[in-house]
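This is what each chain is made of:
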Amino acid sequence: MKSLVIAEKPSVGRDIARVLGCGKGGNGFLEGSEYVVTWALGHLVELSDPESYGDQWKTWKMETLPMLPEKLEIQVIPKTGKQYQTVKAQMYRKDIGMIIIATDAGREGELVARWIIQKAGVHKPMKRLWISSVTDQAIRQGFAHLKDAKEYQKLYEAAVARAEADWLVGLNATRALTVRHNAQLSCGRVQTPTLAMIAKREAQIKAFQPKSYYGLKVNSGGVAWTWKNKDNSVSVFSSETIRGIQEKVTGSTAVIEEVKKKQQKSYAPQLYDLTSLQQDANRMFGFSAKQTLDYMQRLYEHYKAVTYPRTDSRYLTADLVATLPERIRACRFGGYSQICGQLLKTPVKGNASFVNDKKVSDHHAIIPTEQGVSLRELAYGERKIYELVISRFLAVLLPPCEYEQTEVTAVCEGERFTVKGKIIRKAGWQEIRKVQEEAGILPEEEPDSSHTDGTGFTQGSLADFTKGQKILFTEAKITEGKTKPPLPFTEATLLAAMENPVKYMESSDQSLKKTLGETGGLGTVATRADIIEKLFNSFMIEKKDPYIHLTSKGRQVLELAPQGLTSPELTARWEQQLSDIAKGKSRKKDFEAEIRAYTADLVKDIAASSKTYRHDNLTGKKCPECGKLLLEVSHKNGRMLVCQDRECGYRKTLSRNTNARCPQCHKKMELVGDGENQKFICACGYREKLSAFEKRKKESGGGVSKKDVSKYMHKMKQEAQEPLNNAFASAFAKIRL
């Protein structure tokens, strides 16, 4: 008899098949003498749509809520139904005696496989492959020590409990809000607290009162000294105080009190997990979280050039260290070649800064694979992301940067002044920055405050200062600034807030905060990009280069949504309970009973609410399909007209944001109009027809071909045809929380 191995993704399935000697190709599976390996495509089975339970939930009515089926059913996802049938057929083969679950080692991975098995109705002995990396060595060791699947039954129950809770709360709250206010509204355990964080940041900015502060820079022989207060701050809020200090030290003699020299080391940043990669890609290239994930998926699945992207770990497991030389060789191209050669001259070792089995949960950090890929094959976005991964990978393998830090303190008229300087002795991992600069992916750095005082003073040498030496302060200049409010969220900083939302919790319960921190915050690395994208697509947030702002709709949803859904605390409480279910400390049915009662209360609160929803973006134009007035909405890619009736779904694109720069002010322009009448417009007033723009770019060698424009227009057309979140949209039926 043979064993059937079920992996989560085709790429992992093929890796396992190769190690197990399964070379015979099938349609959606690979076979050998002892094993048959097949795979899912992520989830193949999901919780059934409300409409599948009967006519009462096919239309959206308040009187049919809450939706509380006695038992939540599961269904095959239509678009991946063919692969489900392939997996099911293998499970029912007479020569298959055992099923080995080899999906990702975690709660969601357990759910992927168990739902497929449950839906197929097969009853055969089961084992579990539990590994945290998919190297050949890890796969062999894992198969040599297979676990009994019964050991993971409680983990599966926790996964089902989470999925069912999100279905019950999310779909019921969304339907209730939508029906109560006859508007396309949605809320959920993750998306609504995310909105609330944005609202809180905007409130902080609005309430902020700037205060002027003052500092002092003095000059002595070309060296700019900074005044320091007794508490080591470099500024005060009193202009009179700083003026008094300026008067008494100008033209006075200072004495060197201390010269401190330290040999320092700086270490490379940690390897990337998905969230930190999305943050850097957004900050450096303006890529959205979803774009970065899409580029990573392509690099992972098509080119096989990087490891699994949906990871929340920034460490490697010890078994990967032996594979590092081959991965380095795969990076030997362009400016990276010299660094790779340098690393390969000596044995490549792992250390605790990036190798720690205990800090790897389901998947290790993102690193290049041994396979590599030619940069010429990659599209612009794919190349930028690949080079980020390579740069970070090589940086952690390089030695630390070694430098000498000098700090000199002088006293003048009872006031202290300092100056700092740094001399690089060994560049170490900073060598990678030269390559990044040439590749155009140099990360932004905070400016050196000692060189940005605005006084015009230059920095001289600190090498010759000695204790007790006297110097003359020839000139003193007051520096002035204003305290600044926190910046609005970008996608990068919003991702960071979702990952660590503790400071947005109103509860003082430290155990809840600890749980939220340990479980990775709101959403997962795999779902945060989709949550942000959903908020854009449902017009609850909008982007104004590069910042994210609430729309009127988003602000009203926060006012209309039940209070319990607007805080990260709900996620924290659920995670505590789900953890207890996984550990066998509590029962799934008790959690489910609590969720059902909570859902009923949510619907009751929404139905009884006296609050109203106001369309404040109504236009005077009527919908050509139903005759109601259209709304003008801003979304991530531009502006459009949308029918206010949630059951109509009509929309028309008004303008699209582009990367085309205005020849006058160099800001990004909008593309408006249809067909031959399309034209670029800029906020400065500049206008140019699309045809004239194409001609100008062609003549100037700007590299915009008809093919490029055609592809762009096709993409915009597809976006314009995507369904809205109306009553029948799958986005509501299959809401991802």
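Refer to the structure above for everything that follows.
Residues numbered from 1 in each chain as written. Predicted model: local features only at pLDDT ≥ 70, side-chain atom pairs only at ≥ 80, totals over all residues. Heavy atoms only, no water.

Caption draft 1: Region of interest: helix α15 (residues 510–518). Among the residues of α15, those classed as buried are L512, T515 and L516. With its buried residues spanning 95° around the axis, α15 presents them on a single face. In α15, those exposed residues whose orientation departs by more than 90 degrees from the buried face are Q510, K514 and E518. Buried residues along α15 sit in contact with α18 (569–582). (Buried < 20%, exposed > 50% of the residue type's maximum accessible area, 1.4 Å probe, protein only. Helix = DSSP H or I, 4+ residues; strand = E, 2+ residues; numbered from the N terminus. Arc of directions from axis to C-beta. Contact = heavy atoms within 4.5 Å.)

Caption draft 2: Representation of the nonpolar core in the model. Counting residues in each nonpolar core, the largest one holds 83 residues, and the members touching the most others are M91, W115, I116 and I541. Among all residues touching I116, those that are not within four sequence positions of it are A40, L44, V45, Y84, V87 and M91. Counting residues in each nonpolar core, the second largest holds 70 residues, with V321, V348, A365 and I441 among its members. (Core = buried A, V, L, I, M, F, W, Y, C linked by side-chain atoms within 4.5 Å.)

Caption draft 3: How the structure looks around unusual backbone geometry. Between L65 and P66 the backbone carries a cis peptide bond, its omega angle lying at 0°. Residue position: P66 is located in the loop between β5 (45–47) and β6 (74–76). Located in the positive-phi region is E413, a residue other than glycine, with phi close to 50°. Judged by its relative accessible area of 47%, E413 falls in the partly exposed class. If you check the backbone angles, F539 has positive phi at about 65° while not being a glycine. With respect to the secondary-structure elements, F539 resides in the loop between α16 (528–537) and β17 (541–544).

Caption draft 4: Main features of the pattern of salt bridges. With the rule as written, the count across this model stands at 36 salt bridges. One salt bridge connects R283 with D280, and the closest N-O pair in it is separated by 2.9 Å. On the criterion of helical spacing, the pair formed by R283 and D280 is a turn pair, its members being 3 residues apart in helix α8 (residues 274–285). By relative accessible area, R283 is classed as partly exposed at 34%. Here D280 falls in the buried class, since its relative accessible area comes to 11%. Across the pair K588 and E592 runs a salt bridge whose closest N-O atoms are separated by 3.3 Å. Of this pair, K588 and E592 both sit in helix α19 (residues 588–608), separated by 4 residues, roughly a single helical turn. Because the salt bridges share partners, they merge into one network encompassing K2, E31, R93 and D95. (Salt bridge = Lys/Arg side-chain N within 4 Å of Asp/Glu carboxyl O.)

Caption draft 5: Main features of the sheet that holds strand β11 (residues 223–228). Ordered by their spatial adjacency, 7 strands build an open sheet running β15-β12-β13-β14-β11-β10-β16, and the pairing between neighbours is antiparallel. On the outer flanks of this sheet lie β15 (470–472) and β16 (475–482), each paired with one strand and no other. Strand after strand, the sheet turns through a mean of 40° between neighbouring axes, direction not considered. Here strand β12 (residues 253–266) pairs with strand β13 (residues 401–412) via 11 bridges, running antiparallel. In the strand pairing of β13, V255 is matched with V411. Packing against the sheet, helix α7 (residues 239–249) makes contact with β10 (212–220), β11, β13, β14 (415–426) and β16, and its axis sits at approximately 10° to β10. (Pairing = 2+ DSSP bridges. Axes fitted to C-alpha atoms, helices over the stretch in contact; angles between N-to-C directions.)

Caption draft 6: Expanded view of the state of the cysteines. All told, the structure shown has 0 disulfides when counted by the stated rule. C648 supplies the cysteine sulfur nearest to C623, a cysteine that is in no disulfide, at a spacing of 3.7 Å. (Disulfide = S-S within 2.5 Å.)

Caption draft 7: Here's a closer look at the pairing of strand β18 (residues 547–550). Taking every second residue as pointing to the same face, the buried face of β18 carries I548 and L550, while none of Y547 and H549 on the other face is buried. Bridge count for β17 against β18 is 4 bridges, and the pairing is antiparallel. Across the sheet, the residue bridging to K543 is I548, located in β18. Between β17 and β18, which follow one another and run antiparallel, lie 2 residues.

Caption draft 8: Structural view of the environment of T194. Among the structural elements, T194 can be located in helix α6 (residues 191–207). C-alpha of T194 to C-alpha of Y547: the two residues are 353 residues apart in sequence and 15 Å apart in space. For T194, the residues in contact, after removing those within four places along its chain, are L494, M498, L522, I531 and L535.

Taken by themselves, the reported measurements are silent on function.
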